[in-house]
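The lines below spell out each chain.
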Amino acid sequence: DGSSFAFHIFRISYFRWYRTLQQRFREPNSSDTPSTDRIQRISNLLPTMVPPILLQTVTNEILDRLLKDHELNVHIYMDGRRRRMKQSTDEKRGRQRQTEEGNLRQFLVSGLLPSSFQGTGVNGGDGCFIPESHVFLETFPLPVLWMDQIRHVLRRREHAATSLGQTTTVSKSNFRMIQCVEEADRSVALASAMDTTNR
């Protein structure tokens, strides 16, 4: 399921970004001082701040692990425009997205944080309290184009794999992207039931 796979990639990318910034905050010679307060550090840790190049790197790392290290067949099924079976899910996610965007707007305009940022968390250095990484993902929206960015990397890898397959027989791995007309779930289930390769 391409949507679930892409979300998995984004979460890994964000956790890596979060860890990198937290380590940077703790460095003795860091440019971040107590005057660079909690608000500024939270701004840097927003999910929308994840660099596109990091999404590309993580996507390629995961594909390399599956295709090269384990020599698996990887077929990614992308949802189509018609998602009749997921209408209620889409409506729920739409409402959730509105809430997350409202949280982001309130934070950027007024510097106000939702109640989920109160309580236990981790120390960001210099006594600066920073919530755990999952709180950011549950509170603020993901970048608007995050799915398109990951899809673009996957398409480039598919094109490269196709070109390689036409000219050499070096790789035994099989990487394909399948664009479904409706939800990918049914196509994934059907393909899995018919697959006898155990790969």
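So, how was this worked out
Residues numbered from 1 in each chain as written. Predicted model: local features only at pLDDT ≥ 70, side-chain atom pairs only at ≥ 80, totals over all residues. Heavy atoms only, no water. Helix = DSSP H or I, 4+ residues; strand = E, 2+ residues; numbered from the N terminus. Buried < 20%, exposed > 50% of the residue type's maximum accessible area, 1.4 Å probe, protein only. Contact = heavy atoms within 4.5 Å. Areas by Shrake-Rupley, 256 points an atom, 1.4 Å probe, with all protein chains shown as cover. 1 Å grid on protein atoms, 1.4 Å probe; cavity = no way out; pocket = protein on both sides within 12 Å on 5 of 7 lines; lining within 4 Å. Points joined across faces, edges and corners; volume = space filled by probe spheres on them. Nonpolar A, V, L, I, M, F, W, Y, C, P; charged D, E, K, R; others polar. Expected span 1.5 Å × (residues − 1).

Visitor: Account for the overall build of the chain, with residues named and values stated.
Guide: A tally of regular secondary structure across the chain gives seven helices and four strands. Across the chain, helices and strands are ordered from the amino to the carboxyl terminus as α-α-α-β-α-β-β-α-α-β-α. Residues counted as buried form 37% of the 199 residues belonging to the chain. Look at the contacts in the chain between residues 6 or more apart in sequence, and 81% of them connect residues 24 or more apart. Surface summary for the chain: the accessible area is close to 12,300 Å², and the carbon and sulfur share equals 52%.

Visitor: Describe the side chain of Thr-59, with residues and values.
Guide: Secondary-structure assignment places Thr-59 in helix 3 (residues 52-69). Exposure remark for Thr-59: the relative accessible area of 0% places this residue in the buried category. The contacts of Thr-59, once residues within four sequence positions are left out, are Ile-9, Ile-150, Val-153 and Leu-154.

Visitor: So what about the layout of surface pockets? Which residues, and what values?
Guide: Taken as a whole, the largest pocket holds about 920 Å³ of empty space. What lines the largest pocket is a set of 23 residues, and nearest its centre among them are Phe-7, Arg-93, Leu-142, Trp-146 and Met-147. Of all the secondary-structure elements, those providing two or more residues to the lining of the largest pocket are helix 1 (2-26), helix 4 (87-110), helix 5 (133-139) and helix 6 (146-167). For the lining of the largest pocket, the residue count by class is seven nonpolar, four polar and twelve charged.

Visitor: Residue-level account of helix 3, with values.
Guide: Taking 1.5 Å per residue, 18 residues should reach 26 Å; helix 3 reaches 25 Å between its end C-alpha atoms and fits that length. Those residues of helix 3 that sit buried are Leu-54, Leu-55, Val-58, Thr-59, Asn-60, Ile-62, Leu-63 and Leu-67. Positive phi shows up at Glu-71, right after helix 3, with a value of about 50°.

Coordinates in, geometry out; function isn't part of it.
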